[in-house]
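Summary of the model geometry
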Amino acid sequence: MTHEVVPQTMGQQFGRRSWAEPWKIKMVEPIRMTSRPERERAIREAGYNTFLLRSDDVYIDLLTDSGTSAMSDRQWAGLMLGDEAYAGSRNFYRLEETIQRYYGYKHLVPTHQGRGAEHLISQALIKPGDVIPGNMYFTTTRQHQELAGGTFVDVIIAEAHDPADPHPFKGNVDLDKLEAVIKRVGADKIPYISLAGTVNMAGGQPVSMANVRALRALCDRYGIAVYLDATRMAENAFFIQEREEGYADLPIAAIVREFCSYTDGAWMSAKKDSLVNIGGWLAVNDDEVFDTARNLVVVYEGLHTYGGLAGRDMEAMAIGTEESMQDDHMRSRIGQVRYLGELLTDWDIPIVQPVGGHAIFLDAKRIYAHIPQNQFPAQMLAAQLYLDSGIRSMERGVVSAGRDPATGDHRYPSLELVRLTIPRRVYTQAHMDVTAESVKAVYDAREQTRGLTMVYEPKYLRFFQARFEPIA
Ligand code: F0G
């Protein structure tokens, strides 16, 4: 790190007060730095797709915050309390009570992870020909909506599509846009609104309480349900506490409860907010929807009191849910993401602003302005970052957006991003410094970098398994 940057970023002036993590480290996991020739071979063998790298070849793994967090000593101890009964495990009842307490929904169906719950809610509510409006697509969410015969329609505010726009709640639903969709297709064609708390693909951007309240009122007028993707809802609550009038003195837990009270149910990837390596759930208020989902879960996941999980996983998830709602935890979690964001901002590297909850998103469109979108600039940027330092990130641009099922053409999202996703409670501030310095090195070499061509493309969720070659 250069010395001009240190005083500004780290506030080293006299009298500074830093935040620190509300935990100390009890166990460590060694990681290994590879050589440049090793990385060149590894990325070639992986078809320039960071999803296809072996984690042994990765130094700092910022691919995702999903299932990669460190569990607490309490959670590890909880694993020993696993009741591995096929039916009626004690850990299920503990989890059910915890989700009811923190999220406020009436019924719980556990699933192995988020997409298991997305599958259930999509199959339970969507009929062929239906339309599901939402605040920007998420890959697996939309895939399940489409497989159930629905069409996703984006109704997020326009600011979300502009990486530089400083709007404090870029995850908000544009209610005029939504009402126009309702009038165009008819309320009977809309089984529910697909609302996400912090919008992953927009850069981890929050939804305001005022927006969800107004959304509820609008949907009540038309008799439409609102279902929430609660995957990073605790992070969303932090931004409400920080930015929305009237919430500064309320704890994260109370804000989550109020937000959820405006929705009819939620699906959850507990691998994010809830600090576990595996797990998810669907929670709903409606008795009939619950009945359908509880019946479907035994076909696809497992009995309705374990949903594809071991008893011990449900115990760790219940404890992780409680830990995720603690204000000092959330302050340090988002504080670390911001620390990385501030370093990059100080160095004038284009990233999505404002910095969101779970990741820094590099703006590949601006970094590689000379690479057209059909040559996958973000895919190449992720590969270059790996080549430079062994840091693994993820493309969130044209590859992730996939093809339009009607036309078969690439969908060209306005956001062409690389996500540096920060696992919870795993890396230190020094890892963030190393990451920022590597991004800077790749940024400085941007003009010499060319694009990619796709040489293998799977049918579903192509970004996970597609292969690429550099354009000569
Ligand atoms: N919803 C959101 C907002 C997500 O970010 C994810 C997963 C899911 C649903 C699906 O959950 O993975 O447990 O099946 N996101 C991961 C990511 C994969 O890297 O952002 P899952």
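Residues take numbers from 1 onward in each chain, read along the sequence in its written order. Side-chain atom pairs in this predicted model are given and counted only at pLDDT of 80 or more, local residue features only at pLDDT of at least 70, and totals for whole chains, interfaces and linings cover all residues. Excluded from the side-chain calculation are hydrogens and water; included are all heavy atoms of the structure.

Each helix is a run of H or I in the DSSP string that is no shorter than four residues. Each strand is a run of E no shorter than two, and both are numbered from the N terminus. By secondary structure assignment, the location of Y456 is in strand β13 (residues 452-456). Accessibility expressed as a relative area gives 44% for Y456, which makes it partly exposed. Other than its neighbours up to four places away in sequence, Y456 contacts Q465, A466 and R467. Accessibility here uses a 1.4 Å probe with only protein chains present; expressed as a share of the type maximum, an area under 20% marks a residue as buried, one over 50% as exposed, and anything in between as partly exposed. Throughout, a contact is declared for two residues whenever any of their heavy atoms are within 4.5 Å.

A few words on helix α4 (residues 90-103). Taking 1.5 Å per residue as the helical rise, α4 with its 14 residues ought to reach 20 Å, and the 20 Å between its terminal C-alpha atoms agrees with that figure. Residues of α4 that are buried: N91, F92, L95, T98, I99, Y102 and Y103. The buried residues of α4 occupy an angular sector of 130 degrees when projected down its axis, which confines them to one face. Its buried side turned inward, α4 meets β2 (107-111), α10 (252-261), β7 (265-269), β8 (280-284) and α12 (311-324). Two N or O atoms count as a polar contact when they lie within 3.5 Å, although within protein this holds only if one can serve as hydrogen donor and the other as acceptor, and sequence-adjacent residues are included solely when both atoms are side-chain atoms. Of the residues that open α4, the one with a side-chain oxygen 3.1 Å from the backbone nitrogen of N91 is S89. A helix is expected to reach a length of 1.5 Å times the quantity of its residues less one. The reported arc concerns the directions from the helix axis to the C-beta atoms and nothing else.

This brings us to the domain arrangement of the protein. By a widespread convention, an interface's size corresponds to the accessible area lost as its parts come together. These domain boundaries are the output of an automatic or database domain assignment. Domain assignment breaks the protein into domain 1 (2-61 + 327-470) and domain 2 (73-324). Between domain 1 and domain 2, the C-alpha centre-to-centre distance is 26 Å. Residue-level contacts link 34 residues of domain 1 with 44 residues of domain 2. A 1.4 Å probe defines the accessible area here, and the buried area is the portion of it lost by two parts on being joined, summed over both. Among the residues of domain 1 in contact with domain 2, M330, L415 and R424 are the three that bury the most area, contributing 19% of the side total. Between E242 and R338 there is a salt bridge whose closest N-O contact spans 2.8 Å. On inspection of domain 1 and its partner domain 2, the count reaches 18 residue pairs in polar contact (both at pLDDT 80 or more). When residues of the side of domain 1 that touches domain 2 are traced back to their parent elements, those giving at least two are α13 (327-346), β9 (359-363), α16 (398-401) and β12 (417-421). In terms of residues, the side of domain 1 that touches domain 2 owes the most to one element, α13, which gives seven residues. Put simply, a salt bridge is a Lys or Arg side-chain nitrogen that is within 4 Å of an Asp or Glu carboxyl oxygen.

This part is about the pairing of strand β3 (residues 131-134). Of the two faces of β3, the one carrying V131 and P133 and the one carrying I132 and G134 are both buried. Of the strand pairs in this sheet, β3 and strand β4 (residues 151-154) are connected by four bridges, and their pairing is parallel. By the bridge assignment, V131 is partnered in β4 with T151. This β-α-β element, β3 to helix α6 (residues 139-147) to β4, shows right-handed connectivity. Two strands pair if DSSP finds at least two bridges between them. When the strands point away from the viewer, a crossover counts as right-handed if the route from the first strand across the helix to the second turns clockwise.

Of all residues adjacent to the ligand, which total 17 residues, the nearest are T64, D229, S269, K272 and R419. The separation between an oxygen atom of the ligand and a polar side-chain atom of T64 is 2.7 Å. One of the side-chain N or O atoms of N200 is found 2.8 Å from an oxygen atom in the ligand. If you tally residues by element for the shell around the ligand, the top one is helix α5 (residues 114-125), at three residues. All amino acids are sorted into three groups, where Ala, Val, Leu, Ile, Met, Phe, Trp, Tyr, Cys and Pro are nonpolar, Asp, Glu, Lys and Arg are charged, and the leftover types, Gly among them, are polar. Grouping the amino acids of the shell around the ligand by side-chain chemistry returns two nonpolar, eight polar and seven charged. Neighbouring residues are identified by heavy atoms, a residue being near a molecule or strand if any of them is within 4 Å of it.

Okay, the packing of α13 against helix α17 (residues 429-444) next. Angles shown run from 0 to 180 degrees and are taken between the N-to-C directions of axes, each axis being a line fitted to C-alpha atoms and, for helices, limited to the stretch in contact. The N-to-C vectors of α13 and α17 enclose an angle of 30 degrees; their axes lie 10 Å apart at closest approach. As far as their axial angle goes, α17 and α13 are roughly parallel. Our pair here, α13 against α17, has a crossing hand that is right-handed. Along its contact with α13, which presents Q336, Y339, L340, L343 and L344, the element α17 presents Q429, M432, D433, T435, A436 and V439. Residue classes in the contact of α13 with α17 are distributed as seven nonpolar, three polar and one charged. Each angle is binned into one of four classes, with values under 35 degrees roughly parallel, values over 145 roughly antiparallel, values of 65 to 115 roughly perpendicular, and all other values oblique. Should the near helix be turned anticlockwise from the far one by less than a right angle, the crossing is termed left-handed; should it be turned clockwise, right-handed.

A few words now on the confidence of the model for the protein. For the protein, the average pLDDT comes to 96, and 97% of its residues sit at 70 or higher. Note that pLDDT drops below 50 for residues 1-11; the model gives that stretch 23 contacts with residues more than four away or on any other chain. Note: pLDDT gives the predictor's confidence per residue, expressed from 0 to 100.

Here we take up a nonpolar patch on the surface. For patch detection, residues must exceed 30% relative accessible area and be free of salt bridges, and they are connected within 9 Å for like charges or within 5 Å for nonpolar side chains (Val, Leu, Ile, Met, Phe, Trp, Tyr). With residues, only the protein chains shown are counted as cover, and all accessible areas are computed by Shrake-Rupley using a 1.4 Å probe. Nonpolar side chains collect at one region of the surface, where V298, V299 and Y300 lie side by side and expose about 290 Å² of accessible area between them. You can see V299 is positioned in helix α11 (residues 287-300).

Spatially, three strands are ordered β9-β12-β11 in an open sheet, and the strand pairing comes out antiparallel. Strands at the two margins of the open sheet, each flanked by one partner only, are β9 and β11 (394-396). The sheet shows a mean angle of 35 degrees between the axes of neighbouring strands, direction not considered. Two elements, β9 and β12, share five bridges in a ladder whose sense is antiparallel. Within β12, the residue paired with L362 across the bridge is V418. Packing of helix α15 (residues 377-389) onto the sheet brings it into contact with β9, β11 and β12, and relative to β12 it is tilted by some 40 degrees.

All right, on to helix α7 (residues 175-185) then. Within α7 the residues assigned to the buried category are L178, E179, V181 and I182. All buried residues of α7 lie within an arc of 155 degrees about the axis, which places them on one face of the element. With respect to the buried face of α7, the exposed residues turned more than 90 degrees away are D176, K183 and R184. If you follow the buried residues of α7, they end up packed against β3, β4, β5 (192-196) and α8 (209-222). G186, located one to two residues past α7, shows a positive phi value of around 90 degrees.

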